[in-house]
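Next come the chains, spelled out residue by residue.
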Amino acid sequence: ETGVTQTPRHLVMGMTNKKSLKCEQHLGHNAMYWYKQSAKKPLELMFVYNFKEQTENNSVPSRFSPECPNSSHLFLHLHTLQPEDSALYLCASSTSPSGANVLTFGAGSRLTVL
Amino acid sequence: DQQVKQNSPSLSVQEGRISILNCDYTNSMFDYFLWYKKYPAEGPTFLISISSIKDKNEDGRFTVFLNKSAKHLSLHIVPSQPGDSAVYFCAASEEETSGSRLTFGEGTQLTVNP
């Protein structure tokens, strides 16, 4: 499979649950990103990874914990979330995090926190 | 403070006519601008970009215009087709310093009526 693949596509969880979102890219890109899209708001950058190393954490609460075991895989571990964390979480990748590079996005994981 | 704004949440045009989507920004350090298109249940896909050294970039039916003095850019689609119906996001970055760290607008829902 090519492109950026995100699983699960939909997730419903309670505030005390622990769950993870997964992202996989087969584009040979070295940089990976997590974005959050809430209703009627712009996409917000959460984390940036370059060659598996986190290069940016955009003041994201610690209940979101990213993991990048290699340049092709990115996870977002979720723990004790709040209802306001319900949103579409988009993974993206690019050849590198610097320069005028175009991001390739996955289809997103729609998260609902009850 | 939102640095990239798309003031029209929605736009409706007739097939064959021109669609004009607008975007304003406040950060004078932005020097690279992109438009992404998003269909329901899919991730945003790159459409067209423009560097601040240019004031126009054209790709088939899509043209992006940049007015640096007004901090305004627009996307023209002509002729519009029903398949163009999607949400269009404007994005900007400081290419030299933060590369792929894109700041997005809220999006404009374009509907092209047959």
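This text goes with the structure placed above it.
Residues numbered from 1 in each chain as written. Chains lettered and ligands numbered in written order. Predicted model: local features only at pLDDT ≥ 70, side-chain atom pairs only at ≥ 80, totals over all residues. Heavy atoms only, no water.

A. Examining the pairing of strand 11 (residues 109-113) of chain A more closely. Residues and elements named next belong to chain A. Going residue by residue along strand 11, you find Ser 109, Leu 111 and Val 113 tucked away on one face and Arg 110 and Thr 112 left uncovered on the opposite face. Note: strand 9 (residues 87-94) against strand 11, 3 bridges, orientation antiparallel. Bridge pairing in strand 11 links Leu 88 to Arg 110. (Buried < 20%, exposed > 50% of the residue type's maximum accessible area, 1.4 Å probe, protein only. Helix = DSSP H or I, 4+ residues; strand = E, 2+ residues; numbered from the N terminus. Pairing = 2+ DSSP bridges.)

B. Local environment of the sheet that holds strand 6 (residues 56-59) of chain B. All names here are of chain B. Judged by pairing direction, the sheet is antiparallel, and its 5 strands sit side by side in the order 1-3-8-7-6 without closing on themselves. Edge positions in the sheet fall to strand 1 (4-5) and strand 6, since each of these pairs with one other strand and no more. Relative to strand 3 (residues 19-25), strand 1 runs antiparallel, the two being bridged by 2 bridges. Residue pairing for strand 3: Val 4 is matched across the bridge by Tyr 25.

C. Geometry of the interface of chain B and chain A. On the side of chain A, 25 residues touch chain B, which itself brings 20 residues to the contact. Overall, the association of chain B and chain A removes approximately 1600 Å² of surface from exposure, summing both partners, and the carbon and sulfur fraction of that is 60%. Taken together, the links from chain B to chain A amount to 2 residue pairs in polar contact (both at pLDDT 80 or more). Sorting the residues of the side of chain B that touches chain A by element identifies strand 4 (32-38) and helix 1 (95-98) of chain B as the ones contributing at least two each. With 4 residues, strand 4 of chain B is the largest single contributor of residues to the side of chain B that touches chain A. (Contact = heavy atoms within 4.5 Å. Buried area = accessible area lost by both parts, 1.4 Å probe. Polar contact = N/O pair within 3.5 Å; in protein donor to acceptor, adjacent residues only side chain to side chain.)

D. Up close: the side chain of Ser 80 of chain B. Residue and element names in this part refer to chain B. Along the polypeptide, Ser 80 turns up in the loop between strand 8 (72-77) and strand 9 (86-93). Assessed through its relative accessible area of 1%, Ser 80 is described here as buried. In terms of polar contacts, Ser 80 uses its side chain to reach the side chain of Ser 19, at 2.6 Å. Apart from residues lying up to four places away in sequence, Ser 80 is in contact with Val 13, Gln 14, Glu 15, Gly 16, Arg 17, Ile 18, Ser 19, Arg 61 and Val 112.

So far we have only geometry, and geometry alone does not tell us how the molecule works.
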